[in-house]
Amino acid sequence: MRVLIVEDEPYLAEAVRDGLRLEAIAADIAGDGDSALALLSVNSYDLAVLDRDIPGPSGDEVARRIVASGSGIPILMLTAADRIDDKASGFELGADDYLTKPFELRELVLRLRALDRRRAYARPPVREIAGLRLDPFRREVFRHGRYVALTRKQFAVLEVLVVAEGGVVSAEELLERAWDENADPLTNAVRITVSALRKRLGEPWIIATVAGVGYRIDTRIDTRTDTRTDTRTDTPPEAGHGGGDRG
């Protein structure tokens, strides 16, 4: 999951971003309305956490533009005002949820998870594919009933691949969905993380490399007699160079 945090209080914004990273949620920060609109124009976000009282175009105006864009990005509004009239006006602008400052980070995470689940209403909370069971809310992964301990970044990458349901996901898309905007587009982090993830999940290798294209979950893994021949390669698709499993 990738979230845009629109908040003009740097310490709060950074604390939220760092807290979300601990939950395997990538997050970018915009300190004003102009920066928020610029990031929205070039990046794909799953959710927006939007403070109403920001410099430049107000949070209300940013919300209007998100709704008008037809992107379907759910909006969680933040504000110090807790009057019902303030909340009502926020919902009328297109907000999907509302959180009053000060708030507990845990509550924000729960609300973001709920909004993401609602957005993809056809998607079951727990995903199962090719012997894998991934629970995004407990952040647990099992393979054929065996618990697999993963780092935050490994979990984030695996979640993107599992959601694709066997479809190919490019290294660029993995970088976009599992890292934040500060990730170097020429980094080797995706290849390194996928390689480490394969080893954590164990043999037979379930993450296949589609040369020059990307990665996918091998959904044929349960029906093969020998599944090790074409899925072990770590040859990276066009993904850049340098870096590691950070964050």
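In case you missed it, the structure is sitting above this.
What you see as residue numbers is a count from 1 along each chain, following the sequence as written. At least 70 in pLDDT is required for a residue's local features to be given in this predicted model, at least 80 for side-chain atom pairs to be given and counted, and no such filter applies to totals for whole chains, interfaces and linings, which use all residues. Just so you know, side-chain values use all the structure's heavy atoms and leave hydrogens and water out.

Enquirer: I'd like to hear about the sheet that holds strand S5 (residues 97-100), residue by residue, with values.
Expert: Picture the strands of a sheet paired through backbone hydrogen bonds; they go either parallel or antiparallel. Taken in spatial order, the five strands line up as S2-S1-S3-S4-S5 in an open sheet, and their pairing is parallel. Every interior strand has two partners, whereas the edge strands, strand S2 (26-30) and S5, have only one. Averaged over neighbouring strand pairs, the angle between their axes works out to 20° when direction is ignored. Lying over the sheet, helix H3 (residues 59-69) contacts strand S3 (47-51) and strand S4 (75-79), oriented at roughly 175° with respect to S4. Those strands touched by helix H5 (residues 105-119) are strand S1 (2-6), S3, S4 and S5, and its axis lies near 175° from that of S5. In short, DSSP must find at least two bridges between two strands for them to pair. Under the DSSP-based scheme used, a helix requires at least four consecutive residues in state H or I and a strand at least two consecutive residues in state E, with every element numbered from the N terminus. Angles here are taken between N-to-C directions and fall from 0 to 180 degrees, while the axes themselves are lines fitted to C-alpha atoms, restricted in helices to the stretch in contact. Contacts between residues were defined by any pair of non-hydrogen atoms, one from each residue, lying within 4.5 Å.

Enquirer: Just give me the short version of the packing of aromatic side chains, but keep the residues and values in it.
Expert: Aromatic ring pairs are described here by two measures, namely the spacing of the ring centres and the angle between the planes. Pairing of aromatic rings covers Phe, Tyr and Trp, the last through its six-membered ring, and needs centres within 6.5 Å; plane angles under 30 degrees mean stacked, over 60 mean edge-to-face, and all others mean tilted. Taken as a whole and assessed by the stated rule, the structure comprises two aromatic pairs. With a centroid separation of 5.9 Å and 50° between ring planes, the pair formed by Phe-91 and Tyr-98 is classed as tilted. Only protein chains enter the accessibility calculation, which uses a 1.4 Å probe; a residue is then buried when its area is under 20% of its type maximum, exposed when over 50%, and partly exposed in between. Overall, the relative accessible area of 40% leaves Phe-91 in the partly exposed class. Ring geometry for Phe-142 against Tyr-147: centres 5.6 Å apart, planes inclined by 65°, an arrangement best described as edge-to-face.

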